[in-house]
Amino acid sequence: MGKVKPIYERLEAMSKTKLDKMEYEHRQHLTRFTQAKDSKADLVQRSDDKYQKLVEKAKKELQQSVPLALGTAMQMRQVRADNLIAKSVLTLLRANQFYHRMMIVLIQDTKAGVEYHPDRVKHLIPAEFNDMFDKSILSTNLEGLLGELKSELDEATEVNQE
Amino acid sequence: MIPWFFKQQTIRDFPNLSTKKQNKRKTEIAQRLSVQKQILESRISFAKESARKTDQLLKRKRYSKAREEMGKFKLEIVSSQPVLNTYVATSLEKQMHDVMSIEGFEFPDLLLELRNDIDFGLFAINVVDDLDIILQAEIDPFSELGIDLEAED
């Protein structure tokens, strides 16, 4: 099986009409994914705010009643899970947004006769893709939260035994 | 490396399905998620109610009843864990299908070829396998939480 040609080489082999059509299509897709990404980013922000409010609520409750704080902590788990899901989906939307943006740049470069450089595409990738997550779901959402609940439960059990 | 979630054949095949078949699959997932969400919220609601009752009983110094109610709360915590795991997996599946339905969707293969350090979060985790590990570990879920029920009785 022959090696697949790099994208830049494939673009160079296309006619201007074909490149124009392709650029137009990628622009349409870019608009769609930008809108979807912005909408998801808003959702992530709302979810962050909701989680923060629950944390504040639980902290206040903890000063008065451990059981009430535990009830709020249960709700926090679901909000956090939804938040991690939304952030994961946001990465996928950003990847698609970037892909179409990159294609537009490459098509325009080809039309302008810019000389191909193998590292050019690599340099287009924003560094921001690296820092989306610092922990996996198993260390934060599941085990982490259970651990937090456990220590709070221990305290609650002590209260009950008094 | 391509994240585990994107490598599944059912996911890979989805963009090539007819609109009718795509919609059918999306409806099935949405229905499954709706049931799971309902169960999860119901367990959280029960847990919160148990927590509220415990609080009231403690205030009235009815310690024995309060301990019983706290036991119910613990049960809700542990029983909600597998539901939460399943809910996360299905919600991820649903949202992945929603994104794949957007015209112009591309799997991030090219991007990953260029850079392999992009973190796709939950998509990189084998939810099914990890779920199994968690469930196996929860044969005695209270001990996982560090709670010795027998000692408390």
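Residues numbered from 1 in each chain as written. Chains lettered and ligands numbered in written order. Predicted model: local features only at pLDDT ≥ 70, side-chain atom pairs only at ≥ 80, totals over all residues. Heavy atoms only, no water.

Chemist: Would you explain the overall build of chain B in this entry?
Modeler: From N to C terminus, chain B includes 8 helices and 0 strands. Along chain B, helices and strands appear, N-terminal first, in the series α-α-α-α-α-α-α-α. Of the contacts made within chain B by residues no fewer than 6 positions apart, 74% connect residues no fewer than 24 positions apart. Accessible area of chain B: about 8,300 Å², with a carbon and sulfur share of 51%. (Helix = DSSP H or I, 4+ residues; strand = E, 2+ residues; numbered from the N terminus. Contact = heavy atoms within 4.5 Å. Areas by Shrake-Rupley, 256 points an atom, 1.4 Å probe, with all protein chains shown as cover.)

Chemist: Can you help me understand unusual backbone geometry in this one?
Modeler: Only a minority of non-glycine residues have a phi that is not negative, and only a minority of peptide bonds are not trans. Residue and element names in this part refer to chain B. Positive phi outside glycine occurs at lysine 61, with the angle close to 60°. If you trace the backbone, lysine 61 turns up in the loop between helix 3 (19-59) and helix 4 (63-100). Taking the relative accessible area as the measure of exposure, lysine 61 reaches 59% and is therefore exposed. (Buried < 20%, exposed > 50% of the residue type's maximum accessible area, 1.4 Å probe, protein only.)

Chemist: Help me understand the side chain of threonine 54 of chain B in this model?
Modeler: Residues and elements named next belong to chain B. Turning to its location among the elements, threonine 54 is positioned in helix 3. On the basis of relative accessible area, threonine 54 is assigned to the buried category, the value being 0%. Among the polar contacts made by the side chain of threonine 54, one reaches the main-chain carbonyl oxygen of serine 50 at a distance of 2.6 Å. (Polar contact = N/O pair within 3.5 Å; in protein donor to acceptor, adjacent residues only side chain to side chain.)

Chemist: Mind showing me how you'd approach the packing of helix 3 (residues 66-112) of chain A against helix 4 of chain B here?
Modeler: Each pair of packed helices can be summarised by the angle the axes make with each other and by the distance between the axes. Look at helix 3 of chain A against helix 4 of chain B: their axes get within 10 Å of each other, and the N-to-C directions meet at 15°. Here helix 4 of chain B runs roughly parallel to helix 3 of chain A, going by the angle between their axes. Helix 3 of chain A and helix 4 of chain B meet at a crossing whose hand is right-handed. (Axes fitted to C-alpha atoms, helices over the stretch in contact; angles between N-to-C directions. Parallel < 35°, antiparallel > 145°, perpendicular 65-115°, else oblique. Left-handed = near helix turned anticlockwise from the far one by under 90°.)

Chemist: Would you mind showing me how to read the nonpolar core here?
Modeler: Across soluble globular proteins, you tend to see nonpolar side chains buried next to one another. Core analysis: the biggest nonpolar cluster contains 51 residues, and Met96 and Phe123 of chain B have the highest contact counts within it. Only helix 1 (7-12), helix 2 (16-64) and helix 3 of chain A together with helix 1 (4-7), helix 3, helix 4 and helix 5 (109-114) of chain B provide two or more residues apiece to this core. Ignoring sequence-local partners within four residues, the contact set of phenylalanine 123 of chain B consists of Ser88, Val89 and Leu92 of chain A together with Pro3, Trp4, Phe5, Phe6, Leu92 and Met96 of chain B. Within the second largest apolar cluster, 6 residues are counted, among which are Leu54, Val55, Ala58 and Met76 of chain A. (Core = buried A, V, L, I, M, F, W, Y, C linked by side-chain atoms within 4.5 Å.)

Chemist: Would you take a moment to explain the packing of aromatic side chains for this structure?
Modeler: Centre-to-centre distance and the angle between the planes together describe a pair of aromatic rings. All names here are of chain B. Applying the stated criterion to the full structure yields 3 aromatic pairs over all chains. Residues phenylalanine 5 and phenylalanine 123 carry aromatic rings whose centres are separated by 5.3 Å and whose planes lie at 70° to one another, so their mutual orientation is edge-to-face. With a gap of 118 residues between them, phenylalanine 5 in helix 1 and phenylalanine 123 in the loop between helix 5 and helix 6 (127-137) connect regions that are remote in the sequence. Neither residue differs from the other here; phenylalanine 5 and phenylalanine 123 are each classed as buried. The interplanar angle of 35° and the centroid separation of 5.1 Å between the aromatic rings of phenylalanine 6 and phenylalanine 123 together place this pair among those described as tilted. Taken together, the residues phenylalanine 6 in helix 1 and phenylalanine 123 in the loop between helix 5 and helix 6 connect sequence positions 117 residues apart. As far as the burial class goes, phenylalanine 6 and phenylalanine 123 line up, both buried. Here the aromatic cluster, defined as three or more aromatic residues joined through ring pairs, consists of Phe5, Phe6 and Phe123. One residue, arginine 12, lies across the ring of phenylalanine 107, its end atom 4.1 Å from the ring centre. (Phe/Tyr/Trp six-rings, centres within 6.5 Å; stacked < 30°, edge-to-face > 60°. Lys NZ or Arg CZ within 6 Å of the ring centre and 35° of its normal.)

Chemist: Explain helix 4 of chain B here, please?
Modeler: Side chains of residues three or four places apart in an α-helix project in the same direction, reflecting 3.6 residues per turn. An ideal rise of 1.5 Å per residue puts 56 Å on 38 residues; helix 4 of chain B measures up with 54 Å between its terminal C-alpha atoms. At glutamine 81 of chain B, helix 4 of chain B shows its largest kink, close to 30°, and the proline proline 82 of chain B lies no more than four residues downstream. (Expected span 1.5 Å × (residues − 1). Bend = angle between axes of the 7 residues up to and from the residue.)

Chemist: Please clarify how helix 3 of chain A should be interpreted in this entry.
Modeler: All names here are of chain A. Across its 47 residues, helix 3 extends 67 Å between first and last C-alpha, which sits within 8% of the 69 Å expected from 1.5 Å per residue. Here helix 3 lies mainly inside the structure; 37 of its 47 residues are buried. Capping the start of helix 3, serine 65 holds a side-chain oxygen 3.3 Å from the backbone nitrogen of leucine 68, two or three residues further along. Looking at the residues trailing helix 3, positive phi occurs at glycine 113, about 80°.

Chemist: Honestly, the confidence of the model for chain A in this entry has me stumped. Any pointers?
Modeler: Fine structural detail should not be taken from predicted coordinates in areas where pLDDT scores are low. All names here are of chain A. A residue-level look at chain A finds 70% of positions with pLDDT of 70 or above and a mean pLDDT of 77. At the level of individual helices and strands, chain A shows its lowest average pLDDT in helix 5 (residues 137-161), which scores 47, and its highest in helix 2, which scores 92. Low pLDDT, under 50, characterises residues 132-147; the stretch is placed with 46 contacts to residues that sit more than four places away or in other chains. (pLDDT = per-residue confidence, 0-100.)

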